[in-house]
Amino acid sequence: MDKMAPTAPSLTVIVPVYNEEGCLARFCDAMDAFLQQSPMPTQVLFVNDGSTDSSLAQIRAICYSKPGYSFLSLDRNRGLSTAIKAGIDHIQSTYIGYIDSDLQTSPLDFLLFFGFLPEYQMVNGIRARRKDTFVKRLSSKIANGFRRYMINDGIQDTGCPLKIVDAAYAKRVPFFDGMHRFLPALIQLQGGKVKQLPVQHFERFAGYSKYHLFNRLWGPLNDTFAFRWMRKRYINYQIAEQFENQPVTNGRI
């Protein structure tokens, strides 16, 4: 009997949304341009994280009118890690992408990533020539430097909101608040390889950042200690040999 042909690789891009009503229409224009050029079947999954503006209404209108767009809506605002985890749990594609809806990164830069799949289990962007405020750049530099010093993951820009990861690895990521800050390290913890590539970065198109100096610094620093604790106790194994026999029923096989 001929073996069935392997299923073609596919990609689902998770887009967490929290009060981004001013960005969503233009974000979809940018995403549509990428969808037309993606080398594998691709769809978009919005995860509404309890928005209190018109974001959910706009997401509904987009998904009801455009093929390839779907959404989940959480019961209330639960934070970025939970929104990403909800998307990962829902997705059935071969690969999982992640991008923010604030247009500070371009979906077209995903096209740079495909050449490194499946050799690498994750491709992570590095925001080149960041167009952020001085305070935002400084706090990110401090947090990234402290994380690399404490866990030695070698990741230059763990917070870059442009990633593609093998879904099998993403679904094994242990869930905790602050998980999104350690996605590359959590892939490495499973033995996966991470490729880092420079990507474009832009000024925010509309709205405002949901983070300030305190949570940009204290959150990553505090979560780094939690990650070190979890890494020491993380269970990882590979099967060297396996044999399965038929169960015995009523004395018969």
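Figured I'd write up the structure that's included with this text. (Residues numbered from 1 in each chain as written. Predicted model: local features only at pLDDT ≥ 70, side-chain atom pairs only at ≥ 80, totals over all residues. Heavy atoms only, no water.)

## Concerning the packing of aromatic side chains
This model, assessed by the stated rule, comprises seven aromatic pairs. For the ring pair Phe-34 and Phe-114, a centre distance of 6.3 Å and an interplane angle of 10° mean the geometry is stacked. With a gap of 80 residues between them, Phe-34 in helix α1 (residues 24-35) and Phe-114 in the loop between β4 (95-99) and β5 (122-127) connect regions that are remote in the sequence. In this pair, the class of Phe-34 matches that of Phe-114, namely buried. Through successive ring pairs, a cluster of aromatic residues spans Phe-34, Phe-110, Phe-113 and Phe-114. A cation over a ring is seen here: Arg-172 above Tyr-169, with NZ or CZ 4.8 Å from the ring centre. The residue whose ring lies beneath Lys-193 is Tyr-120, and the NZ or CZ to ring-centre distance is 4.9 Å. (Phe/Tyr/Trp six-rings, centres within 6.5 Å; stacked < 30°, edge-to-face > 60°. Helix = DSSP H or I, 4+ residues; strand = E, 2+ residues; numbered from the N terminus. Buried < 20%, exposed > 50% of the residue type's maximum accessible area, 1.4 Å probe, protein only. Lys NZ or Arg CZ within 6 Å of the ring centre and 35° of its normal.)

## Looking at helix α2 (residues 55-65)
Along α2, the residues that are buried comprise Ser-55, Leu-56, Ile-59, Ile-62 and Cys-63. Along α2, the residues classed as buried sweep out an arc of 125° about the axis, all on the same side. Opposite the buried face of α2, by more than 90 degrees, sit the exposed residues Tyr-64 and Ser-65. In the core, the buried residues of α2 are packed alongside β1 (11-17), α1, β2 (42-48) and β3 (69-73). (Arc of directions from axis to C-beta. Contact = heavy atoms within 4.5 Å.)

## Some thoughts on the pattern of salt bridges
Counted according to the given criterion, the structure contains five salt bridges. Between Asp-32 and Lys-66 there is a salt bridge, with its nearest N and O atoms 2.5 Å apart. Of this pair, Asp-32 sits in helix α1 while Lys-66 is found in the loop between α2 and β3, placing the two residues 34 residues apart along the sequence. Exposure remark for Asp-32: the relative accessible area of 18% places this residue in the buried category. Using a relative accessible area of 26% as the deciding quantity, one classes Lys-66 as partly exposed. We note a salt bridge from Lys-85 to Asp-89, for which the minimum N-O separation is 3.3 Å. Placement of the pair is Lys-85 and Asp-89 together in helix α3 (residues 80-90), with a separation of four residues, close to one helical turn. You can call Asp-89 partly exposed: its relative accessible area is 47%. (Salt bridge = Lys/Arg side-chain N within 4 Å of Asp/Glu carboxyl O.)

So far we have only geometry, and geometry alone does not tell us how the molecule works.
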